[in-house]
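The lines below spell out each chain.
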Amino acid sequence: MKYLLLSCSFFLLISCQSTKGTEKSTKDIFSADYYQDLEKNISRLHQLSLGTFVAHEDALNTSQEVWNVSGGKDSVILYSIPLGDINKNGHWILNYEFMTSLPNTPIYTSIKQIKQIDRDSFAVWYYDCPNDLTLKKLLDADYIAETLNLDKLTAQNKKVTFVRQDAAHFIGKSVVYEDKEAGCLRQNQYTLSPKSYDVSVLFFDKTTKEPLKDKESRPNLMIRRKISTKTLSKIANQNAN
């Protein structure tokens, strides 16, 4: 009942957001032209990775540019922000994924650095996030500046290689590795475009290395939505313990 009341309050909060001023030009974050206007491919990949994304079961529901949620269900949001000064530190991203009923208990967090390999391909390296990271802390600029020293982060043994398909479309693939729980090999695939961030999994036989077509994967389609920092702050605070 507690979560139901919290969710209902949250949905009212979202639905009451004014849509005034949201009529976009032909070159906003949902338009390929927006990314084509950026001079460098690494800047395009970086910008495509940033923003707020909402998990959707309906893969065709990509036309709504402002998030309007109904039905009383809890939602999953991916909030991605840039870190550091691009001119000094390069291209960094912090990912924070959470449920709207438990915004300060993340489902997943990561810090990533994008490095250029050649004109059209890029390596994304992963680093550990602070264990005590919450949405409230993430929205505090002082916390980010004082806590996250990019020179002192602990690197993970994880890398994804992204290849440019066009100016506003990149596909990334992890290395093929053993998934002990699934009993086979797996490879994660990431598709970035102006309207969505799509994560899927490919499975392979450990001996033959052939794809396992009968193995279930769990695609995770995240649709880009406009959720203001003010709204995120209200979510973090209204659901705080």
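Residues numbered from 1 in each chain as written. Predicted model: local features only at pLDDT ≥ 70, side-chain atom pairs only at ≥ 80, totals over all residues. Heavy atoms only, no water.

What follows covers the packing of aromatic side chains. Counted by the stated rule, this structure contains seven aromatic pairs. Centre to centre, the rings of Tyr 96 and Phe 98 are 5.7 Å apart; their planes meet at 45°, and the pair counts as tilted. Across the pair, Phe 98 and Tyr 96 agree in class, each one buried. Among the aromatic residues, those joined into a cluster by ring pairs are Phe 53, Phe 162, Tyr 190 and Tyr 197. Between the NZ or CZ atom of Lys 158 and the centre of the ring of Tyr 126, over which it lies, the distance is 4.2 Å. (Phe/Tyr/Trp six-rings, centres within 6.5 Å; stacked < 30°, edge-to-face > 60°. Buried < 20%, exposed > 50% of the residue type's maximum accessible area, 1.4 Å probe, protein only. Lys NZ or Arg CZ within 6 Å of the ring centre and 35° of its normal.)

In terms of nonpolar packing, the biggest core is built from 24 residues, with Leu 83, Leu 94, Phe 98, Ile 111 and Leu 138 touching the most fellow members. Secondary structure elements with two or more residues in this core: β2 (76–83), β3 (91–99), α5 (135–138), α6 (141–147) and α7 (229–238). Formed by 21 residues, the second largest nonpolar core is a distinct cluster that contains Ile 42, Ile 114, Phe 170 and Tyr 197. (Core = buried A, V, L, I, M, F, W, Y, C linked by side-chain atoms within 4.5 Å. Helix = DSSP H or I, 4+ residues; strand = E, 2+ residues; numbered from the N terminus.)

Let's shift gears to empty space enclosed by the protein. Counted by the stated rule, this structure contains one cavity of 30 Å³ or more. Of the pockets and cavities examined, the largest cavity occupies roughly 50 Å³. Residue lining of the largest cavity: Leu 45, Ser 49, Ile 93, Lys 112, Ile 114, Val 124, Phe 162, Leu 192 and Tyr 197, and that is the complete set. At the level of elements, α3 (41–49) and β4 (108–116) are the ones that each hand at least two residues to the lining of the largest cavity. (1 Å grid on protein atoms, 1.4 Å probe; cavity = no way out; pocket = protein on both sides within 12 Å on 5 of 7 lines; lining within 4 Å. Points joined across faces, edges and corners; volume = space filled by probe spheres on them.)

Since one α-helical turn is 3.6 residues long, residues separated by three or four positions face the same way. The buried count for α3 comes to seven of nine residues, which makes it a mostly enclosed element. Residues of α3 that are buried include every one of Asn 41, Ile 42, Arg 44, Leu 45, His 46, Leu 48 and Ser 49, and no others. Trailing α3 by a residue or two, Gly 51 shows a phi angle of about 120°, which is positive.

The final tally for this structure, using the stated rule, is six salt bridges. Between Arg 119 and Asp 120 there is a salt bridge whose closest N-O contact spans 3.1 Å. Given the relative accessible area of 56%, Arg 119 is considered exposed. Taking the shortest distance from any N to any O, the salt bridge between Asp 179 and Arg 186 comes out at 2.8 Å. As far as burial versus exposure is concerned, Asp 179 and Arg 186 are alike and both buried. Taken together, the shared-partner salt bridges connect Arg 119, Asp 120 and Arg 164 into one network. (Salt bridge = Lys/Arg side-chain N within 4 Å of Asp/Glu carboxyl O.)

Another aspect to go through is unusual backbone geometry. Phi is positive for Lys 209, close to 65°, though the residue is something other than glycine. Mapped onto the fold, Lys 209 is located in the loop between β10 (196–204) and β11 (220–225).

The next subject is the pairing of β11. Among the six residues in β11, five count as buried, and that is most of the element. Pairing analysis gives four bridges linking strand β1 (residues 51–55) to β11, with the strands arranged antiparallel. Each bridged residue has a counterpart across the sheet, and for Val 54 the counterpart in β11 is Ile 223. (Pairing = 2+ DSSP bridges.)

Another aspect to go through is a nonpolar patch on the surface. On the surface, Met 99, Leu 102, Ile 107 and Tyr 108 cluster together to form a nonpolar patch covering roughly 310 Å² of accessible area. Residue placement: Leu 102 occurs in the loop between β3 and β4. For Leu 102, a relative accessible area of 31% corresponds to the partly exposed category. (Patch = residues over 30% accessible without salt bridge, like charges linked within 9 Å, V, L, I, M, F, W, Y side chains within 5 Å. Areas by Shrake-Rupley, 256 points an atom, 1.4 Å probe, with all protein chains shown as cover.)

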